[in-house]
Amino acid sequence: MATGRKKRKDALRPSEEAHRQVVDLLELGERSSNPDIRAAAIEIAKNTSVNQRVQSARVRPATIMVASTLVLLGAIAACWYALVHYPVALGRSISGIIILVAVLLIALYALLSGHLSQDNFMKLCIAAWEWGKGLFPSSSRTPVERLPVTAGTEHSPTGDDPPSRP
Amino acid sequence: MSSPKFERVKRSNPRIAELLERLGTYIQNQIQSGQTYVVPKLAAAALGLNDGEAFVLLEILAAGGLLQRIYNLYCGNTGIVLATVDDPEQLDEIPHCDDCDEDHRLSGLKVEVAFAPNDALFTKAA
């Protein structure tokens, strides 16, 4: 384990090494017996984490702004088209899907630019999935659910049953 | 020892004001004895704290505008400071080591987090 850690440490760039040192110091600070120092360490760690995410972002914030604006405008136009050219119920469903996709795309851009954590992105995806399931009316499943279960079940004849054909 | 910024920081953190006062005195002594920056590890040893606690106290002073976090990049062979920067990204623009006359590999460099005075309270003239 120690060898593996040393190897990883050797491969770090100086900026990464500096960040690691800061994180190590903050972890030490979080174990302080003084509650005020502990609270301050946690606060600093949060800010450090956000700064590090933004600094190591793969996409520039300006690019993200442009892409998000385009997605938003596209979504608005698509929703308008769906509501005008399709029946109300279908138009609403299509609009819901469009909004869902737009929100997920913008969240993905925010993730890539370091303004959204992976944890929050996953929470958003789960919430979107739950919301998306509600877009489709449950009546579409009802016929399948109402199908009589016959295979593999025994049916004992009663007096109400129609007479069987020979 | 007093300055409006320092007093503000102590007022914001009343329960660690005494620790901050001790740290402030230590920093002032270090600066007056010719040091240009404060290293958390040394401050911790002087104040009887662990490295993390000293770092957090120094960060609190930095947040109050009294100090600035800096990074020193050392040559691993000679221990000479190659660069001092305030943005960690600048550390990756590794300067040529004149003493060794070579561009060191990553494994031949050492990084140290430190704090430089940013307020008249912690300058030599104060």
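In what follows, the accompanying structure is described. Being a predicted model, the structure only gives us computed values, none of them experimental.

## Describing the overall build of chain B
Step number 1: Helices and strands together make up the secondary structure of chain B, namely four helices and three strands.
Step number 2: Each helix (α) and strand (β) of chain B, taken in turn from the N terminus, gives the series α-α-α-α-β-β-β.
Step number 3: Within chain B, the fraction of its 126 residues that count as buried is 48%.
Step number 4: In chain B, the proportion of contacts linking residues at least 24 apart, taken out of those at least 6 apart, comes to 60%.
Step number 5: For chain B, the accessible area works out to roughly 6,200 Å², and carbon and sulfur atoms hold 45% of it.

## A few points about the nonpolar core
Step number 1: Judged by nonpolar contacts, the single largest core of 45 residues is most densely connected at Leu23, Ile27, Val56, Leu57, Leu61 and Leu67 of chain B.
Step number 2: In contact with Leu61 of chain B, not counting residues within four places along its chain, are Phe6, Val9, Leu20, Leu23, Ile27, Leu66 and Leu67 of chain B.

## Looking at the interface of chain B and chain A
Step number 1: In this assembly, 27 residues from chain B lie in contact with 24 residues from chain A.
Step number 2: Of the roughly 2,000 Å² buried at the junction of chain B and chain A (both faces included), carbon and sulfur atoms supply 68%.
Step number 3: Between Asp36 of chain A and Arg15 of chain B there is a salt bridge; the shortest N-O distance is 3.1 Å.
Step number 4: Our count for the contact surface shared by chain B and chain A stands at five residue pairs in polar contact (both at pLDDT 80 or more).
Step number 5: Residue assignment for the side of chain B that touches chain A shows that the elements contributing at least two residues are helix H4 (51–63), strand E1 (67–75) and strand E3 (109–117) of chain B.
Step number 6: Top element by residues in the side of chain B that touches chain A is H4 of chain B. It accounts for eight residues.
Step number 7: When its residues are assigned to classes, the side of chain B that touches chain A shows 15 nonpolar, three polar and nine charged.

## A short note on the side chain of Asp36 of chain A
Step number 1: Residue position: Asp36 of chain A is located in helix H3 (residues 35–55).
Step number 2: Side chain to side chain, Asp36 of chain A and Arg15 of chain B meet in a polar contact 3.1 Å long.

## As for the environment of Leu70 of chain A
Step number 1: Inspection of the secondary structure assignment puts Leu70 of chain A in helix H4 (residues 61–85).
Step number 2: Along the chain, Leu70 of chain A and Ile106 of chain A lie 36 residues apart, while their C-alpha atoms are 10.0 Å from each other.

## Examining the packing of helix H2 (residues 17–32) of chain B against helix H3 (residues 40–47) of chain B
The axes of two packed helices give the description: the angle between them and the distance between them.
Residue and element names in this part refer to chain B.
Step number 1: Interaxial distance between H2 and H3 falls to 11 Å at its minimum, and their mutual angle equals 115°. Crossing angle aside, the handedness with which H2 passes H3 is right-handed. For the pair H2 and H3, contact is made by Arg22, Leu23 and Tyr26 and by Leu42, Ala43, Ala46 and Leu47, respectively.
Step number 2: Taken together, the residues that form the contact of H2 with H3 break down as six nonpolar, no polar and one charged.

## Remarks on the pattern of salt bridges
Residues and elements named next belong to chain B.
Step number 1: Applying the stated criterion across every chain, the model contains 10 salt bridges over all chains.
Step number 2: The salt bridge partner of Lys10 is Glu7, with a shortest N-O separation of 3.4 Å. Of this pair, Lys10 and Glu7 both sit in helix H1 (residues 4–12), separated by three residues, roughly a single helical turn.
Step number 3: Note on Lys10: relative accessible area 13%, which makes it buried.

## What about the sheet that holds E1 of chain B?
Residue and element names in this part refer to chain B.
Step number 1: Taken together, the three strands give an open sheet; going across it, the order is E2-E1-E3, and neighbouring strands pair in antiparallel fashion. Unpaired on one side and paired on the other, strand E2 (81–85) and E3 mark the two borders of the sheet. Neighbour to neighbour, the strand axes of the sheet diverge by 25° on average, direction disregarded.
Step number 2: Pairing geometry for E1 and E2, over four bridges, is antiparallel. From the neighbouring strand, Asn72 faces E2, where its bridge partner is Thr84.

## A look at a negative patch on the surface
Residue and element names in this part refer to chain B.
Step number 1: A contiguous patch of negative charge, built from Asp98, Asp99, Asp101, Glu102 and Asp103, is present on the exposed surface.
Step number 2: By the element assignment, Asp98 lies in the loop between E2 and E3.
Step number 3: What makes Asp98 exposed here is its relative accessible area of 65%.

Here is what the cut-offs are and how they apply
- Residues numbered from 1 in each chain as written.
- Chains lettered and ligands numbered in written order.
- Predicted model: local features only at pLDDT ≥ 70, side-chain atom pairs only at ≥ 80, totals over all residues.
- Heavy atoms only, no water.
- Helix = DSSP H or I, 4+ residues; strand = E, 2+ residues; numbered from the N terminus.
- Buried < 20%, exposed > 50% of the residue type's maximum accessible area, 1.4 Å probe, protein only.
- Contact = heavy atoms within 4.5 Å.
- Areas by Shrake-Rupley, 256 points an atom, 1.4 Å probe, with all protein chains shown as cover.
- Core = buried A, V, L, I, M, F, W, Y, C linked by side-chain atoms within 4.5 Å.
- Buried area = accessible area lost by both parts, 1.4 Å probe.
- Salt bridge = Lys/Arg side-chain N within 4 Å of Asp/Glu carboxyl O.
- Polar contact = N/O pair within 3.5 Å; in protein donor to acceptor, adjacent residues only side chain to side chain.
- Nonpolar A, V, L, I, M, F, W, Y, C, P; charged D, E, K, R; others polar.
- Axes fitted to C-alpha atoms, helices over the stretch in contact; angles between N-to-C directions.
- Left-handed = near helix turned anticlockwise from the far one by under 90°.
- Pairing = 2+ DSSP bridges.
- Patch = residues over 30% accessible without salt bridge, like charges linked within 9 Å, V, L, I, M, F, W, Y side chains within 5 Å.
- Lys, Arg positive; Asp, Glu negative; His and termini not counted.
- Charge placed at Lys NZ, Arg CZ, Asp CG, Glu CD.

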